[in-house]
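Tertiary structure, described
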Amino acid sequence: MKKITLFTIVFLTVSAVFAQYSETAIRELYASKMQQFQLTQSDLQHFVITDQYTDKHNGVTHIYLRQVVNGFEVFNANSSMHLAKNGQLISLENAFVSNAITKTNSTTPGIGVSSAILQAGNEVSMNLQAAMSKTDIQMQANQVIIQDAEVSSEPIKVKMYYLNTAAGLKLSYNVEVLNDETNDWWNVRVDAMDGSIQEKNNWTTHCMISGHTFNHDAAVTFQESLLSRHSHTLGKAGAPVYNVFPFPLESPNHGARKLVSGQEDANASPFGWHDTDGVVGVEYKTTRGNNVFAKEDTIAGNSTNGYSPNGGDSMVFDFPMDSSWMTPNSYLNASITNLFYWNNTIHDIFYNYGFTETAGNYQRNNYDKGGAQNDHVMAEAQDGSGTGNANFSSPSDGQSGRMQMYLWPTSPVVAPKLAISNTASATGSYTATLSNFGPKRFGDINARVLWARDASAADTQACNTLINGAELAGNIALIQRGGSTCANTQRVLNAQNAGAVAVIMVNNSTSTNAMGGTNTSIVIPSVIISSTDGIALRAAVNGGDTVMATIKGLPTVKAYDSDFDNGVIIHEYGHGISNRLTGGPANSNCLSNAEQGGEGWSDFFALALTAKTTDSANTPRGMGTFVINQPVTGLGIRDFKYSRNMSVNPMTYAYVKNTTAVHYIGTIWCSMLWDLHWNMVDKYGFDADIFHGTGGNNKAIQLVIDGLKLQPCSPGFVDARNAILKADSITNGGANKDVIWKTFARRGLGYTASQGASNSVTDGVAKFDLPPGITGVNEAANLASYIQLSPNPTTGTAVLVLPDQLTEAQVTICDITGKIVVDQMMSTDMNQHITLDMSAYQNGLYFVKLTNGGTTFQSKLLLNK
């Protein structure tokens, strides 16, 4: 019988947004800047107020708007207005399209919703056919939602926009869909006239580091105190107790686990961490509450439910932890507890800096304080969808953020193996591929192989309820794949329901590509073999042999659990903050441009929340040292350690041109923010009270949070710098203007620096100058500190990277005897590079000298061909 997929279509209507300022008042304020932005009256005629809220700490009202043309919103034409307590317009960040109505291509789509969804699915490697009806889906108010858990655990949302392109405003569908297999939450813009893909962006920010190196011999000693169950910090009587690596520890390498309680901030979590109804008394005795639901997801189900440890009536979450890191499942309770504690701690800290309900924070219940609710973080420990990764999905306000934390193995993880035995005709090893659904980590399975039978004409395809459950229970089900009779997930689920412990699927082709699909109910592993290999196996089972199979699970390797790397947890949560604050909480599409500091804000938050009173500006900080088995002094997962000392971290704005890699670009931005943190500490001191303190560290965090709210949608580095300056002007009366300018100018984001287009990383110009009126010495005067030579050693070619002020230089190269082998004036290419070709010279040590006026750079260069 053919499976009929049930789906629900839910129509959306635009709800009115309560506004302190009316549309008329906003339009009048905007009109005062109309000439500056070359806008017409018709450009301001229609817009939607996506968000409006007022910050308590400085009284600023933030209003976020989106342009509407011909009844359709213009995608990311998001402007923001920021008003002082007295109603004075402080700033207006305009993104409205000028003369918009003359630039539109149509008001009627040429293709239907179904076609757009299928095109979007093809773009992101998803087959969305099952979510479609036979007749085309009709939209209402330009939008529609399709719910089908077999296709995606989150609803597929489609909305029609105009997309601003070089060719004008194109009528387009935006298809929002979560790919459960890859954990990518896509927004795909499809041309509504011809179905072509215009662009896409991902709400999921992955922090997988390609090419990272594990240190198998790291000098890390896990002291007995790590497992101490006696060291503790207890708060109010009767409060829940958690055994964790508490604030401000970055990881197990940085200090001991402790029992802590009474950590809830009364301002941010007035009813505690386990409340959801706003009435005194807990609703959950597990790691679940108003701010986060921390749970396991070892089978990568992305379920709205999942196992979470229970603290019992006494609410004590004190679970053992294996310091050998060999058996992650043995300390799963401890992992989830640490993840729960840190998500709540981060929530409470940033609440006090203005990441509140109206600003779009993550809470199930907003306690009648405004904003959209029902969006607490779903934090998934030891996620089974991969390794060596962590990610955060940050949809718009009102939809839960999802944090997925992974294990980081210290050796490559290989695919499972299938071995058949006890039969002359089929004994041997088989190429088998694990399915994209079901568990990814499991122990070895050894059982008899039997056909799964459902009494239909296609008896062994297992599309219906199986009839041989008594025989199949405890054994491995053999299933013949056949056409599109039913979904593979349904076949495996039928076998599971009959009691099978695993499934071997015989493909109907020679391919062994992994079976796709999503079904969070599947908890048994399944593998697929080719039709060729299936001939012998089928014959053996049909012949009546007692065929035995061993499916070897993923090998037990030493693995580090990112649920204990608090810096990584903060980093991931940081993506949820920066995405909600930039452009307003109703819009999570404002940080998809090339030159944006998303990874940098997240690194900064991780550094700032784990800074200690014993640290200094020049204390080198590596990110993620724990998960890659490095000591606390290790480099971690970034190209440079974070330090104000530019001999440790030489990154400047000029480095942005080196690559489009988001983590590298983010490292540049964080390097500037981390300098600002310590420059503010130099001025105001360091306050260990991260929640309510008044030190320079607190002030720096506040400037960064306020800057996120003030910057435009799709900000470049100059935009982000200006927003921080504006934040200081608003909150502190510009008291730190000199400090801020000197901080950014020192790393190339000076007064005359230019970012060019924020969707490009190749057109920015680094400058190290200060604006008129800023007194004092700019440390960037020594341009030599910004010059880099790499690779070193080299096998033949090395590159000198110069700051933008230097376009040519005299380059002199001497060998070890002092003989000059190169002495000439050289010019930089478009990327500020000077290439040194050493391939004609003998291996050995050389001395490179570069001069330009008062700038002199010298370095050794080892040639080893």
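Residues numbered from 1 in each chain as written. Predicted model: local features only at pLDDT ≥ 70, side-chain atom pairs only at ≥ 80, totals over all residues. Heavy atoms only, no water.

This brings us to the environment of A334. Checked against the element boundaries, A334 lands in helix 3 (residues 332–351). A residue is classified by how much of its surface remains accessible, and A334, at 1% relative accessible area, is buried. Along the backbone, A334 and D318 are 16 residues apart, and their C-alpha atoms lie at a distance of 7.3 Å. When sequence neighbours within four positions are dropped, the list of residues in contact with A334 reads R257, F319, P320, M321 and F564. (Helix = DSSP H or I, 4+ residues; strand = E, 2+ residues; numbered from the N terminus. Buried < 20%, exposed > 50% of the residue type's maximum accessible area, 1.4 Å probe, protein only. Contact = heavy atoms within 4.5 Å.)

Backbone hydrogen bonds are what pair the strands of a sheet, in a parallel or an antiparallel way. If you walk across this open sheet you meet the eight strands as 22-21-28-24-25-26-27-23, and the pairing is mixed. Only two strands of the sheet have a single neighbouring strand rather than two, namely strand 22 (428–430) and strand 23 (433–434). Two elements, strand 26 (residues 502–506) and strand 27 (residues 526–529), share four bridges in a ladder whose sense is parallel. If you follow V506 over to strand 27, its bridge partner there is I529. On the sheet, helix 5 (residues 488–497) packs against strand 25 (476–480), strand 26 and strand 27 and is oriented at approximately 140° with respect to strand 26. (Pairing = 2+ DSSP bridges. Axes fitted to C-alpha atoms, helices over the stretch in contact; angles between N-to-C directions.)

Here we come to the state of the cysteines. This structure, assessed with the given rule, holds two disulfides. Between C463 and C486 runs a disulfide, and the two sulfur atoms are separated by 2.1 Å. Because the torsion about its S-S bond is -80°, the bridge between C463 and C486 counts as left-handed. Residue C463 is found in the loop between strand 24 (445–451) and helix 4 (469–472), and its partner C486 is found in the loop between strand 25 and helix 5; the two are separated by 23 residues along the sequence. A residue is classified by how much of its surface remains accessible, and C486, at 10% relative accessible area, is buried. Cysteine pairing for the protein chain, with bonded cysteines counted in sequence order: 1-2, 3-4. (Disulfide = S-S within 2.5 Å.)

Two numbers describe a pair of packed helices, the interaxial angle and the distance between the axes. Interhelical geometry of helix 8 (residues 598–609) versus helix 9 (residues 662–684) gives an angle of 45° and a closest axis separation of 7 Å. Our classification of the angle between helix 8 and helix 9 gives oblique. Handedness of the crossing formed by helix 8 with helix 9: right-handed. Side by side, helix 8 and helix 9 meet where E599, G600, W601, D603, F604, L607 and A608 of the first sit next to V662, H663, G666, W669, C670, L673, W674 and H677 of the second. (Parallel < 35°, antiparallel > 145°, perpendicular 65-115°, else oblique. Left-handed = near helix turned anticlockwise from the far one by under 90°.)

Attention now goes to the confidence of the model for the protein chain. With 91% of its residues at a pLDDT of 70 or more, the protein chain shows a mean pLDDT of 89. Low pLDDT, under 50, characterises residues 1–19; the predicted model gives this stretch 41 contacts beyond four residues in sequence or across chains. Overall, residues 210–237 carries pLDDT values under 50, and its contacts beyond four positions in sequence, including any with other chains, amount to 62 contacts. (pLDDT = per-residue confidence, 0-100.)

Looking now at the nonpolar core. In this structure, F350, F605 and W669 are the most contacted members of the largest nonpolar core, which totals 108 residues. Top contributing element to this core by residue count: helix 9, with twelve residues. Once residues lying within four places of it in the same chain are set aside, the contact partners of W669 are G597, G600, W601, F717, A720, R721, I724, F744 and L749. V74, V113, I117 and W186 belong to the second largest nonpolar core, which has 33 residues in total. (Core = buried A, V, L, I, M, F, W, Y, C linked by side-chain atoms within 4.5 Å.)

Here we come to the pairing of strand 31 (residues 797–801). As paired strands, strand 30 (residues 788–790) and strand 31 are joined by three bridges and run antiparallel to one another. In the strand pairing of strand 31, L789 is matched with L800. Where strand 30 hands over to strand 31, the hairpin turn is made up of six residues, counted between the paired strands. Note that strand 31 and strand 34 (residues 833–837) share five bridges and pair antiparallel. The partner of V801 across the bridge, within strand 34, is H833.

Here the focus is the sheet that holds strand 18 (residues 390–393). If you walk across this open sheet you meet the five strands as 11-18-19-17-15, and the pairing is mixed. The outermost strands of the open sheet, each flanked by one partner alone, are strand 11 (204–206) and strand 15 (292–296). Each strand of the sheet is rotated relative to its neighbour by a mean of 15°, with strand direction disregarded. As defined by bridge partners, strand 11 adjoins strand 18 across three bridges and the pair is classed as antiparallel. Considered in strand 18, the bridge of T205 is made with F392. Strand contacts of helix 7 (residues 566–581): strand 11, strand 17 (377–381), strand 18 and strand 19 (402–405), with the helix running at about 25° to strand 18, the strand carrying the most contacts.

Time to look at the environment of L65. With respect to the helices, strands and loops of the structure, L65 is situated in strand 3 (residues 61–69). We classify L65 as buried; its relative accessible area is 0%. Along the chain, L65 and V662 lie 597 residues apart, while their C-alpha atoms are 28 Å from each other. Apart from the residues lying within four places of it in its own chain, the contact partners of L65 are I26, Y30, F47, V48, I49, T50, A77, N78, S79, M81 and F96.

What follows is about the pattern of salt bridges. Considering all chains together, one arrives at 22 salt bridges under this definition. A salt bridge links R27 to E23; the nearest nitrogen and oxygen atoms lie 4.0 Å apart. Highlighted residues: R27 and E23, both in helix 1 (residues 23–31), separated by four residues, approximately one helical turn. Note that R638 and D603 form a salt bridge whose closest N and O atoms lie 2.7 Å from each other. Here the residue R638 occupies a position in the loop between helix 8 and helix 9, and D603 occupies one in helix 8, the gap between them amounting to 35 residues. Look at D603 and you get buried, because its relative accessible area is 0%. (Salt bridge = Lys/Arg side-chain N within 4 Å of Asp/Glu carboxyl O.)

Burial along strand 18 is two-sided: A390 and F392 and N391 and S393, pointing in opposite directions, are all buried. Note that strand 18 and strand 19 share four bridges and pair antiparallel. Bridge pairing in strand 19 places F392 opposite M403.

The next thing to look at is unusual backbone geometry. P248 follows F247 through a cis peptide bond whose omega is 5°. Within the element layout of this structure, P248 appears in the loop between strand 13 (241–244) and strand 14 (258–261). Along the chain, S790 connects to P791 via a cis peptide bond; the corresponding omega equals -10°. For P791, the position within the fold is in the loop between strand 30 and strand 31.

Okay, the packing of helix 11 (residues 717–732) against helix 12 (residues 737–746) next. Closest axis-to-axis distance for the helix 11/helix 12 pair is 10 Å, and the angle between their directions is 165°. As judged from the angle between their axes, helix 11 and helix 12 are roughly antiparallel. The chirality of how helix 11 crosses helix 12 is right-handed. Judged by residue contacts, R721, I724, L725 and D728 of helix 11 engage K737, I740, W741 and F744 from helix 12. Looking at the contact of helix 11 with helix 12, its residues break down into five nonpolar, no polar and three charged. (Nonpolar A, V, L, I, M, F, W, Y, C, P; charged D, E, K, R; others polar.)

Turning to the environment of T107, a few remarks are in order. Within the fold, T107 resides in the loop between strand 5 (89–93) and helix 2 (113–123). T107 sits 38 residues away from V69 along the chain, and the two C-alpha atoms are 9.6 Å apart. If near-sequence neighbours (up to four positions away) are discounted, T107 is found in contact with N70, F72, Y162 and L171.

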